[in-house]
Number of protein chains: 8
Amino acid sequence: MIELVSSIIMVAPLVSIIMGSSSDKAIATKAEKILDASGIPFETKILSAHRQPTELVDYVNSTSSEVFICIAGLAAALPGVVAAHTEKPVIGVPVSGNRAIGGMDALLSIVQMPSGVPVACVGIDNGKNAAHLAIRILHVAGKGE
Amino acid sequence: MIELVSSIIMVAPLVSIIMGSSSDKAIATKAEKILDASGIPFETKILSAHRQPTELVDYVNSTSSEVFICIAGLAAALPGVVAAHTEKPVIGVPVSGNRAIGGMDALLSIVQMPSGVPVACVGIDNGKNAAHLAIRILHVAGKGE
Amino acid sequence: MIELVSSIIMVAPLVSIIMGSSSDKAIATKAEKILDASGIPFETKILSAHRQPTELVDYVNSTSSEVFICIAGLAAALPGVVAAHTEKPVIGVPVSGNRAIGGMDALLSIVQMPSGVPVACVGIDNGKNAAHLAIRILHVAGKGE
Amino acid sequence: MIELVSSIIMVAPLVSIIMGSSSDKAIATKAEKILDASGIPFETKILSAHRQPTELVDYVNSTSSEVFICIAGLAAALPGVVAAHTEKPVIGVPVSGNRAIGGMDALLSIVQMPSGVPVACVGIDNGKNAAHLAIRILHVAGKGE
Amino acid sequence: MIELVSSIIMVAPLVSIIMGSSSDKAIATKAEKILDASGIPFETKILSAHRQPTELVDYVNSTSSEVFICIAGLAAALPGVVAAHTEKPVIGVPVSGNRAIGGMDALLSIVQMPSGVPVACVGIDNGKNAAHLAIRILHVAGKGE
Amino acid sequence: MIELVSSIIMVAPLVSIIMGSSSDKAIATKAEKILDASGIPFETKILSAHRQPTELVDYVNSTSSEVFICIAGLAAALPGVVAAHTEKPVIGVPVSGNRAIGGMDALLSIVQMPSGVPVACVGIDNGKNAAHLAIRILHVAGKGE
Amino acid sequence: MIELVSSIIMVAPLVSIIMGSSSDKAIATKAEKILDASGIPFETKILSAHRQPTELVDYVNSTSSEVFICIAGLAAALPGVVAAHTEKPVIGVPVSGNRAIGGMDALLSIVQMPSGVPVACVGIDNGKNAAHLAIRILHVAGKGE
Amino acid sequence: MIELVSSIIMVAPLVSIIMGSSSDKAIATKAEKILDASGIPFETKILSAHRQPTELVDYVNSTSSEVFICIAGLAAALPGVVAAHTEKPVIGVPVSGNRAIGGMDALLSIVQMPSGVPVACVGIDNGKNAAHLAIRILHVAGKGE
């Protein structure tokens, strides 16, 4: 099930925010607020790399977005799987949740990608910086300004 | 490219050994020797979850194997991606390589799967135990004896 | 003292859930619910590898269960000790408890088994995935379906 | 002293590779080869955030590059300092060196940036992925193709 | 914006306490109390190395203080940046905040400085010891007694 | 198979050195030299908690030794299993081997014992201190002097 | 100041419990209860290795106790300093407190002693096992029974 | 035994370099070279906090040095013990040695001092920065210039 979390999109989105689980919503909201304030059109999805692999790939292949922000905890495969199916920049946000291991699992699962499939990792739970980085990337193209 | 590493299969394989990279070969060999000694038919593939996602899923869907052994280092998404596309048991082997972080990245990337998509993680570089575990699983079914 | 925690078993159990301590009960319950929902007969015991080593081995040797789920925190020897006394598949669940070290002690104590005595480790506190993995293993044998 | 390490630039560079120390050269070379193969004009500098802070800022403010790749070990402040002085995307590569701590110091120093000053962190010693990520970013703008 | 947090300075300060963020205030207060009790004149500033790099350098270059206490969390570049712009002793205090990673990021970002730019790191959240260390340093000069 | 590694015992041993694997021999030798130099009678065994659980318990129950030194790597259950079967003091020595994880797995597996079953853990690979500690314990009883 | 915390000693103590700080009292109480229940005479002191080094050494040299239990957090030098001034067995208990680093600092500060000066480390916050270990040591001498 | 390692002192030393073991000599040499080049009189001692506690304290109390540099590995109590016996600034250098744990034990043992007894910790194996920091401290007093 692809749930449309945010529907404030009037124009084709430039950024796709994908959460691995609805429990990552607080982190996604941080990113949404920054993008909103900058007037960047975006859309937000909940799509697990492990539980909805086919829907995830279908979405990645069909969206107009130029940049992906992928938010995931635990063995956070989401950003890497998205990066494996697109040539567009993918930003990963590791989520700590309430877990004792403090998000180190998600951080290492996101940042330590094999050569050839890069993910741009930002800090643990730092949805804001994911949005700021997306904006910087779009500005190189003169987009989102 | 799906490279056939081992072709000593006379009968349909019961175990599939999948490496994320050819650099994981030494670990795969440890598992192969144990399976060979037990007379378990198996086949070995090199298929990266990040670099060959489509071929990987095609292989998982088409093989007759009852158990998967997935060997990977770094942000080791391989076992989890396989587990997301099959209902069969998936065993993950984290690989340390020569890397300073000692395989903790691969260990956490393999073991910390979200609920609903289990991976059976064995020790870092412990290809032998992956094979021993596969044999135990097959014995429940009276297979491979 | 072998305490019978759950007694909803009508038929011979296919899965044994063993906790190292009654404080691991919340994790065991997660596994029980999944097995219940799948109609897999199971039984649950509290047996410490360190405090009741003899009773533990007696139980492992006498049960009809095909798969063991062992739940333990701290220096979690339970899954390894069970695996040393049976040839059946053993699944280990590391428990974090309220402890500051976050379950890394239990995770490493469970996953880093010596060659020849495999334990199938799942994520920290992830009783659900232990049950899902047990179900996958039983399905290879056409059991529990 | 701003040392010009690579001078194969015929046109204005699109990517600046900055090393914190000449000992990071092997990692920089990995990035250079990928950019070269893709025909992306780049230049490479050795500029320490701690030992040449003024020269570093002067360089960041004057270059035509659209993307920065910053390579640093230990308390790797380089990518963050560059990100503090530009609005362009900054990619950070943590370096492990021969150090026993395995690059975890550099990884955390690069990825855990405060909100508002994003750095796109790639894997430890993974100069290749820094280049691949830079190429993805430039392609959003239709540059470097 | 350079905000003057404490203005109880009658004489030129001997110690400057710089926080990377207003959220580090509780740690700064611990240091202030120790300095106050010892009669050491000091002033306290909030200046982020990443968000106010120019103001930070201007302040470091203009103050009469003999010792700097820099308090920062996450990728705590503050002490290192100050040490890069002065020849005076710089003390760094890593801050854990409420973050799951426990201040290890800030500790490594502060202590693992490259050779030539030393920072005197004290314990996580230990603002008291930063003040005690500053007093010991001033006493070598017969100051603050 | 219980292999008698050292047979220089003329009198009943006061200390039993038990290795989990023959690969731990270098660490055992360090302990043996200290005991030898102090004139403490000892014997050394190779007995895996996971691979020879029955022989191990039989040995623990039958020896005259007053103190056990248990040397083990990986998921080092050996000291804890011995402590579960005797009321005598048990000293554990974590072994790092050549493994990238540096013995942290063995350290946590040995030191984090549940309440009621204590193990006296010494430093990683520190066979010498295990012997020194055994001597201190025997001296309380006026033995080994 | 040597504060006498517990004064229920009728006979010369066999065990000395030393805390590094009054904040370690909850851990000391766990040990006291076990010793009390076993009828072992003991006394409890608060003596910091860092803040009261002279008083600490004086106490160690003058007590009749046969075994020391040293409880400390952070850079827990207490057990090692005691072990440096006595030939009697010293048990160390690392304390986590409320600190984010989870007691790993205290654990490593206690267990990684240099050769020749052994400390018997038990688990983080595990005052109970310190007492159980002390009792095992005293039983070798036929004391405390 | 207090061994005089370096005797190039013509005048009373301003800095004392103390190693916990002769195996730390390579790190001490790095500091000596920096101090030599700056014309700072110093002397170097090998004095273990654990094996020579009395000689260590005697030396600290009798030297004319204004700053201490303490170099130690493992459970590195040396800097803290020195800081407990002097009111002068104490700099600690954690040593990794060849050990698999990478100096994290020494780092935490040095930096996590209790409040009131500060140690100025520099990076792992970074003898150079210890010297640079000592020079900065002496310059506050107009010494060593």
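Coordinates for the structure precede this section.
As the structure is a computational prediction, the values presented were derived from the model and not from experiment.

Calculation criteria
Starting afresh in each chain, residues are numbered from 1 along the sequence in its written order. Just so you know, chain letters begin at A and ligand numbers begin at 1, following the order they were written in. Whole-chain, interface and lining totals are the exception, using all residues; otherwise, since this is a predicted model, local features are given only for residues with pLDDT of at least 70 and side-chain atom pairs are given and counted only at 80 or more. Only hydrogens and water are removed before side-chain values are computed, so all heavy atoms of the structure are retained for them. Two residues qualify as a contact provided that any one of their heavy atoms is within 4.5 Å of a heavy atom in the partner residue. What counts as buried area is the accessible surface, traced by a 1.4 Å probe, that two parts surrender upon association, with contributions from both included. In what follows, salt bridge is the name for a side-chain nitrogen of Lys or Arg lying within 4 Å of a carboxyl oxygen of Asp or Glu. Helix and strand labels come from DSSP, where a helix needs a run of H or I of at least four residues and a strand needs a run of E of at least two; each type is numbered from the N terminus. In superposing the copies, a least-squares fit is computed on C-alpha atoms, taking residues whose pLDDT is at least 70 in both. Any helix carries an expected span of 1.5 Å times its number of residues minus one. Under the scheme applied here, a residue whose accessible area is under 20% of the maximum for its type counts as buried, over 50% as exposed, and between as partly exposed, the area being computed with a 1.4 Å probe on protein chains only. In this context, the arc is that of the directions from the helix axis out to the C-beta atoms. In the analysis that follows, any N or O atom pair within 3.5 Å is treated as a polar contact, provided that within protein one partner can donate a hydrogen and the other can accept it, and provided that, for residues neighboring in sequence, both atoms belong to side chains. Put simply, Ala, Val, Leu, Ile, Met, Phe, Trp, Tyr, Cys and Pro go in the nonpolar bin, Asp, Glu, Lys and Arg in the charged bin, and everything else, Gly too, in the polar bin. For two strands to be treated as a pair, DSSP must find at least two bridges joining them.

(A) Spotlight on the interface of chain A and chain B. On the chain B side, the residues contacting the 21 residues of chain A number 21 residues. For the pair chain A and chain B, the two sides together bury roughly 1800 Å², of which 68% comes from carbon and sulfur. It is His50, Leu108 and Gln112 of chain A that lose the most area in chain A upon contact with chain B, and together they represent 30% of the buried surface on that side. The tally of links between chain A and chain B comes to 0 salt bridges.

(B) The arrangement of the environment of isoleucine 124 of chain G in detail. Mapped onto the elements of the fold, isoleucine 124 of chain G is located in the loop between strand E6 (120-121) and helix H5 (127-140). Taking the C-alpha atoms as reference points, isoleucine 124 of chain G and aspartate 105 of chain G, 19 residues apart in sequence, are found 10 Å from one another. Sequence-distant contacts of isoleucine 124 of chain G, defined by excluding residues within four places in its chain, comprise Ile101 of chain C, Gln112 of chain F together with Pro94, Ser96, Gly102, Gly103 and Leu107 of chain G.

(C) Structural detail: the relation of the copies chain A and chain B. For the match of chain A to chain B, the screw axis carries a shift of 0.0 Å, the RMSD comes to 0.0 Å, and the turn is 180 degrees. In symmetry terms, the pair is related by a two-fold rotation axis. Distance from the rotation axis, computed per C-alpha, reaches its smallest value in chain A at serine 109 of chain A: 2.5 Å. Here 100% of the interface residues in chain A have copies in chain B that are interface residues too; the copies meet face to matching face.

(D) Examining helix H1 (residues 25-38) of chain F more closely. Residues and elements named next belong to chain F. Taking 1.5 Å as the rise per residue, H1 with 14 residues should run 20 Å; its terminal C-alpha atoms sit 20 Å apart, in good agreement. Among the residues making up H1, those that are buried are Ile27, Ala28, Ala31, Glu32, Ile34 and Leu35. Buried residues of H1, viewed axially, fall in a sector of 165 degrees; they line one side. Summarising the geometry of H1, the exposed residues directed more than 90 degrees from the buried face are Ala26, Lys33 and Ala37. Once H1 ends, the next one or two residues include glycine 39, with phi positive near 75 degrees.

(E) Expanded view of the interface of chain A and chain D. Each partner contributes residues to the interface: chain A has 35 residues there, and chain D has 35 residues. Between chain A and chain D, roughly 2800 Å² of surface is buried when both sides are summed, and carbon and sulfur atoms account for 58% of that area. Area buried by chain A at its contact with chain D is led by Pro118, Arg136 and Val140 of chain A, which between them contribute 28% of it. At the junction of chain A and chain D, the tally comes to 0 salt bridges. Our enumeration of links across chain A and chain D arrives at 23 residue pairs in polar contact (both at pLDDT 80 or more). Of all elements in the fold, only helix H4 (104-111), strand E6 (120-121) and helix H5 (127-140) of chain A reach the threshold of two or more residues within the side of chain A that touches chain D. At 8 residues, H5 of chain A tops the list of elements feeding residues into the side of chain A that touches chain D. Residues of the side of chain A that touches chain D, tallied by class, amount to 21 nonpolar, 8 polar and 6 charged.

(F) The arrangement of the pairing of strand E2 (residues 15-19) of chain D in detail. All names here are of chain D. Counting buried residues along E2, 5 of its 5 residues qualify, which places the element largely inside the surrounding structure. Side chains Val15, Ile17 and Met19 of E2 all project onto a buried face; the interleaved residues Ser16 and Ile18 project onto the opposite face, where all are buried too. Both E2 and strand E3 (residues 42-46) contribute to a ladder of 5 bridges, which runs parallel. Counterpart to isoleucine 18 in the pairing with E3 is lysine 45. In this sheet, strand E4 (residues 67-73) lies alongside E2 in parallel orientation, the contact comprising 5 bridges.

(G) Up close: the relation of the copies chain A and chain D. For the pair chain A and chain D, the relating rotation is 180 degrees, the translation along its axis is 0.0 Å, and the fit reaches an RMSD of 0.0 Å. In this assembly, 100% of the residues forming the interface of chain A have copies in chain D that are likewise at the interface, indicating an isologous arrangement.

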